[in-house]
Amino acid sequence: MNSKKVSHQQEYWDEVAEEKEFPTPFPLAEFKKHIPPEMNILDVGCGYGRTLNELHKNDFKNLKGVDFSEKMINRGLRLHPHLNLIKNNGDDLPFSDNSFDVVLLIGVLTSNIQNEKQEELISEISRVLKDNGILYISDFLLNDDERNLKRYEKFEDEYGIYGIFELPEGVILRHHTKKHILKLTEDYKKLYLENTVFNTMNGHKSNGFYYIGKKIVK
Ligand SMILES: C[S@@+](CC[C@H](N)C(=O)[O-])C[C@H]1O[C@@H](n2cnc3c(N)ncnc32)[C@H](O)[C@@H]1O
């Protein structure tokens with residue numbers, strides 16, 4: 001694996017921070033079934049704060065976001081000055097253990113392509129989540145159309161995982177099996193898992209999922 005390319009992903013998100021629109025919908029009605037508005041919510045990889053802002057408009061007020069791209073954070077604060085957004089890379093969240101009721105992880109696994117990195121992110125999220133806290137994830141699943149099959153095959157040898165691919169614009173992304181997502185979240189009790197088809201940030205369609213799980217008390 002080309003670790004130089006992998007470690008340059010933060011620069012990519014800074015470069016596109018002002019131009020990308022993230023179109024994946026947020027299933028607010030389902031979310032509200034599990035999460036009352038007084039709960040405190042952390043959005044990891046919050047981008048320019050679009051989901052937190054949607055929650056804010058819908059009576060959730062106890063909201064924080066972190067993102068490793070300073071430019072995404074700056075755009076978010078400019079668009080939504082009422083939000084609490086800070087720069088952080090998710091490896092070492094600046095919060096104490098058991099401090100959040102809910103953590104959101106939306107379209108972040110896709111650009112943290114290595115299994116170990118994804119496991120570290122989930123483990124750090126579990127640290128800051130309270131017992132019985134809720135983890136909400138939405139992300140991309142494998143597709144079976146020709147365009148995707150070609151790129152999964154092209155990059156499988158380089159990255160050692162089927163589903164990882166590079167885009168010419170410089171980002172490395174991963175589409176996942178559902179089995180992988182269930183393995184990543186094995187310390188959670190699954191409350192909701194729904195397949196969907198997303199529009200991507202580059203105007204294509206991709207399989208995706210919505211997941212809600214509850215942290216299992218050990
Ligand atoms: C596809 S965007 C999604 C943004 C936001 N969650 C949304 O759905 O609108 C992915 C975001 O995750 C951020 N990101 C990726 N890996 C990260 C990490 N390890 N720690 C913090 N932020 C990360 C990127 O900077 C980018 O803003």
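Structure first, text after, so check above.
Below: a short report on this structure. No experiment lies behind these values; they were computed from the predicted model shown. (Residues numbered from 1 in each chain as written. Predicted model: local features only at pLDDT ≥ 70, side-chain atom pairs only at ≥ 80, totals over all residues.)

**A word on the overall build of the chain**
Along the backbone of the chain there are 8 helices and 9 strands. In terms of overall size, the chain behaves like a compact globule, its C-alpha atoms giving a radius of gyration of 17 Å where 218 residues would be expected to give roughly 17 Å. Each principal axis of the C-alpha atoms in the chain carries an extent, and together these give about 45 × 40 × 30 Å. For the chain, buried positions account for 34% of its 218 residues. Taking as baseline every contact in the chain between residues at least 6 positions apart, the subset at least 24 positions apart corresponds to 67%. (Helix = DSSP H or I, 4+ residues; strand = E, 2+ residues; numbered from the N terminus. Rg over C-alpha atoms; globule rule 2.2 N^0.38 Å. Buried ≥ 20, exposed ≤ 12 C-beta atoms within 10 Å, placed from the backbone. Contact = placed C-beta atoms within 7 Å.)

**Here we look at helix H6 (residues 115-128)**
Count 3.6 residues to each turn of an α-helix, and residues three or four apart come out pointing the same way. Spanning 14 residues, H6 covers 20 Å between terminal C-alpha atoms, matching the ideal 20 Å at 1.5 Å per step. Within H6, the full set of buried residues consists of Gln-118, Leu-121, Ile-122 and Ile-125. One side of H6 holds all its buried residues, which, seen down the axis, span an arc of 95 degrees. The exposed set on the far side of H6, more than 90 degrees from its buried face, consists of Glu-116 and Ser-123. On its buried face, H6 sits against strand S1 (41-44), strand S4 (100-106), strand S5 (129-140) and helix H8 (178-184). (Expected span 1.5 Å × (residues − 1). Arc of directions from axis to C-beta.)

**A closer look at the nonpolar core**
Val-103 and Leu-105 are the most contacted members of the largest nonpolar core, which totals 37 residues. If you list the elements that add at least two residues to this core, you get S1, helix H4 (50-57), strand S2 (63-67), helix H5 (70-79), S4, H6, S5 and strand S9 (205-215). Considering every element that reaches this core, the biggest residue donor is S4, with 6 residues. Every residue in contact with Leu-105, bar those within four places of it in the chain, is listed here: Val-44, Gly-45, Ile-125 and Ile-137. Membership of the second largest hydrophobic core comes to 9 residues, among which are Ile-113, Tyr-152, Phe-165 and Val-171. (Core = buried A, V, L, I, M, F, W, Y, C linked by C-beta atoms within 7 Å.)

**Here's the deal with the site of the ligand**
In the vicinity of the ligand, 19 residues are found, and the nearest of them are Trp-13, Gly-45, Gly-47, Gly-90 and Gly-107. Counted by class, the shell around the ligand contains 7 nonpolar, 10 polar and 2 charged residues. (Near = placed C-beta within 6 Å. Nonpolar A, V, L, I, M, F, W, Y, C, P; charged D, E, K, R; others polar.)

**As for the sheet that holds S9**
Ordered in space as S3-S2-S1-S4-S5-S9-S8, the 7 strands form an open sheet in which the pairing is mixed. Each edge of the open sheet is held by one strand with a lone partner, namely strand S3 (85-87) and strand S8 (188-199). Within this sheet the neighbouring strands show an average axis-to-axis angle of 15 degrees, counted without direction. Bridging between S1 and S4 involves 4 bridges; their strand directions are parallel. (Pairing = 2+ DSSP bridges. Axes fitted to C-alpha atoms, helices over the stretch in contact; angles between N-to-C directions.)

**Considerations on the pairing of S9**
In this sheet, S9 lies alongside S5 in antiparallel orientation, the contact comprising 7 bridges. Across the sheet, the residue bridging to Ser-138 is Tyr-210, located in S9. The pairing of S8 with S9 spans 11 bridges and is antiparallel. The partner of Leu-193 across the bridge, within S9, is Tyr-211. Counting the residues in the hairpin turn of S8 and S9 gives 5 residues, including Gly-203, whose phi is positive at 80 degrees.

**As for unusual backbone geometry**
The backbone phi angle of Asp-59 is positive, close to 80 degrees, even though this residue is not glycine. Residue position: Asp-59 is located in the loop between H4 and S2.

**Digging into the environment of Ser-126**
In this structure, Ser-126 sits in helix H6. Under the C-beta neighbour-count criterion, Ser-126 is labelled partly exposed, with 18 such atoms within 10 Å. Non-local contacts of Ser-126, meaning those with residues more than four positions away in its chain, are made with Asp-187 and Lys-215.

**Considering the pairing of S5**
Most of S5 sits inside the fold, with 9 of its 12 residues counted as buried. Strand direction decides the pairing type here: S4 and S5, joined by 6 bridges, are parallel. Bridged to Val-102 within S5 is Ile-134. As a crossover connection, the stretch from S4 through H6 into S5 is right-handed. (Right-handed = clockwise from strand over helix to strand, strands pointing away.)

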